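Working through the structure, step by step
Okay, here's what each chain looks like letter by letter:
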Amino acid sequence: MPRTTTDRDEPADPEADQPPPRDDHAFLGHPRGLATLSGLEVWERFSFLGMQAILVLYFADTAANGGLGMAPGTAASVSAAYGTMVYLVSVAGGWLADRILGSYRAVLWGGILIACGHYAMAVPTAAMTWAGLGLISAGTGLLKPNVATMVGKLYRTDDDRRDAGFALYYMAINIGAFAGPLVTGWLGEHEGWHWGFSAAAIGMTAGLVQYVLGRRHLAGRKHSAEYALAPDAMRRTVWRIVGGCLAVGAIATLLAVTGLLTMDRFVDLLTLVSVIAPIVYFVVMFRSPRVTPEERGRLRPYVVLFLASVAFNFILFQAYSTMMLLASTNAESTILGFDFPSSWYASALGAFEVALAPVVAALWARMGHRQPHASNKIAIGVILGGLSFLLMVIPTSGHSGDAYRMAAWWIVGSYLLLGLGDVLLETSGMSATSKLAPRAFGSQTMALWFLSLALANGIQAQVVKVYGQVSNPVYFGLNGAVAVAVGVAVMAMAPWLRRTMHPVH
């Protein structure tokens, strides 16, 4: 069998694709490579969510203060469109790693693009902001779907430490989510927004350095892809990808210069793609001859869980858009006499998830077979997400104008409900995705999950346009009520879901 160029060039390393020895307990009883990947995720989330916590505030701030002067609804919409683009690109990231780059290189180049994007955003011009967001979107699309895959490669299938290892990995994600807004938020609101973006750049650089230094401890560290295309096919594919990207960039630039592609139209286009992509994906799976009738039967309940994920993440992602805008204009930024930047509220979400994840895991372990079915866990998560918005109706009601200030505990309480909902839904949703996906599409389960996140952001990009045009109680009340209704509907379907999802518990 002919080998690819990358196979010939890379040094022989027979252990590159093998899990570490079973006696590797160097990191809290887990393989040393888990520390490398968890460290990378700490810094990646530090930079990504640290930047996202101040992004909408930067968009909405006046030009005199270094912002872009957007209306609040427009700022939230553009921020959501950026999230849509990130998760749409992530769908392709897994394929590129499998067929062309390999997991290690996909993560490495993804991290490099992310760091370059943050450094670009540190330059105080609008053009560099948009260029930076494009680089970050492409980089996150390469990095995000493949780090989790590399974590899985650290463990053999029968290794009892696997679930606990993923729990530590997700805790690292939330540590980054907690720390990022603390640093970028303080710098952004006290020194200037681009100082905050600079901190995100330095954080991603630190993550890349420790990732490269820890490479020898990783399984899947070889340069070639696991299911690499044949050399000729790979060359053709690479040229098509490069040519396609250049063509799309040139056309977009031309349309923007002529005024045909405005920001609003670009946001609408991303929303349209986020709606069409999952529909096409599900149609392909339902019609595929490689999907058995039994697997097709399990796809039907998964559509319900997919929509539940969309409903919840529609609320969750607004923690970094409309909730940030509300906190900056209508929430006290003092707790127990301590003043803090409004963007620090975003850290509360990560803090609650770090604290609640082990509690929930211990509760499920204690309950054993008496724990709720996966569909009910997801339904409860969606309901909690809706309640986090309904809670905001209380402090935003009964005011004659927009100059009021609510106590900080209202937003903290909202994030507590949202964080608990996220812990319940994300863990159960990812597990159900991996178990319900047809075997022929097993390697693409992450793509399915990312499409639900892209669709949630795509819908958000349209809905948040009315933020600031309708009253806050109406906005948060209607959105929260819809999420609660979706959660209740999923719970009402529990008997059918339990029956059709078998053997998923």
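Just so you know, these numbers come straight off a predicted model, no measurement behind them. (Residues numbered from 1 in each chain as written. Predicted model: local features only at pLDDT ≥ 70, side-chain atom pairs only at ≥ 80, totals over all residues. Heavy atoms only, no water.)

With that settled, the discussion passes to the pattern of salt bridges. For the structure shown, the criterion picks out six salt bridges. Notably, a salt bridge pairs Glu41 with Lys144, separated by 3.1 Å at the nearest N-O pair. With Glu41 in helix α2 (residues 32-60) and Lys144 in helix α5 (residues 126-152), the pair connects residues that are 103 residues apart, well separated along the chain. Taking relative accessible area as the criterion, Glu41 reaches 0% and is therefore assigned buried. On the basis of relative accessibility, which here comes to 14%, the residue Lys144 falls in the buried class. In this structure, Arg235 engages Asp232 in a salt bridge whose closest nitrogen and oxygen atoms are separated by 2.3 Å. Linking Arg235 with Asp232, this pair stays in helix α8 (residues 231-257), spanning three residues, or about one helical turn. Residue classification places Arg235 among the partly exposed residues on the basis of a relative accessible area of 46%. (Salt bridge = Lys/Arg side-chain N within 4 Å of Asp/Glu carboxyl O. Helix = DSSP H or I, 4+ residues; strand = E, 2+ residues; numbered from the N terminus. Buried < 20%, exposed > 50% of the residue type's maximum accessible area, 1.4 Å probe, protein only.)

Between helix α9 (residues 263-287) and helix α10 (residues 293-316), the shortest axis-to-axis distance is 10 Å and the interhelical angle comes to 165°. As the angle between them shows, α9 and α10 are arranged roughly antiparallel. Where α9 crosses over α10, the two elements pack in a sense that is right-handed. Touching Pro278, Phe282, Met285 and Phe286 of α9 are Arg296, Leu299, Arg300, Tyr302, Val303 and Phe306, all from α10. Tallied by class, the residues present in the contact of α9 with α10 amount to eight nonpolar, no polar and two charged. (Axes fitted to C-alpha atoms, helices over the stretch in contact; angles between N-to-C directions. Parallel < 35°, antiparallel > 145°, perpendicular 65-115°, else oblique. Left-handed = near helix turned anticlockwise from the far one by under 90°. Contact = heavy atoms within 4.5 Å. Nonpolar A, V, L, I, M, F, W, Y, C, P; charged D, E, K, R; others polar.)

A general feature of soluble globular proteins is that nonpolar side chains tend to end up buried together. In this structure, Met51, Leu55, Tyr345, Ile411 and Tyr415 are the most contacted members of the largest nonpolar core, which totals 92 residues. Here this core takes twelve residues from α10, the largest share from any one element. Setting aside chain neighbours within four positions, we find Tyr415 in contact with Ala319, Met323, Met324, Tyr345, Ala346, Ala348, Leu349 and Phe352. Core analysis: the second largest hydrophobic core is formed by 22 residues, Ala148, Val151, Tyr169 and Ile173 among them. (Core = buried A, V, L, I, M, F, W, Y, C linked by side-chain atoms within 4.5 Å.)

So, about the layout of surface pockets. By volume, the second largest pocket amounts to about 1,600 Å³. In this structure, the second largest pocket is lined by 37 residues; those nearest its centre are Met85, Gly134, Ala138, Cys245 and Val248. Among the secondary structure elements, those contributing two or more residues to the lining of the second largest pocket are α3 (72-101), α4 (103-121), α5, α8 and α9. In terms of residue count, α8 provides more of the lining of the second largest pocket than any other element does, eleven residues in total. Of the residues belonging to the lining of the second largest pocket, the class tally is 29 nonpolar, eight polar and no charged. (1 Å grid on protein atoms, 1.4 Å probe; cavity = no way out; pocket = protein on both sides within 12 Å on 5 of 7 lines; lining within 4 Å. Points joined across faces, edges and corners; volume = space filled by probe spheres on them.)

One pass over the full model with this rule turns up 17 aromatic pairs. Look at Trp43 and Phe46: their rings are 5.3 Å apart centre to centre, the planes differ by 65°, and that puts the pair in the edge-to-face class. Of the two residues, Trp43 and Phe46 are both situated in helix α2; the distance of three residues between them amounts to about one turn of the helix. On the basis of relative accessible area, Trp43 is assigned to the partly exposed category, the value being 32%. A relative accessible area of 8% places Phe46 in the buried class. Taken together, a centroid distance of 5.5 Å and an interplanar angle of 80° make the contact between Tyr467 and Tyr475 edge-to-face. Residue class for Tyr475 comes out buried when judged on its relative accessible area of 2%. Three or more aromatic residues joined by ring pairs make a cluster, and in this case those are Tyr58, Phe59, Trp130 and Phe197. (Phe/Tyr/Trp six-rings, centres within 6.5 Å; stacked < 30°, edge-to-face > 60°.)

A separate point is the side chain of Ser274. Residue placement: Ser274 occurs in helix α9. Not counting chain neighbours up to four residues away, the residues in contact with Ser274 comprise Thr84, Leu88, Ala454, Leu455 and Gly458.

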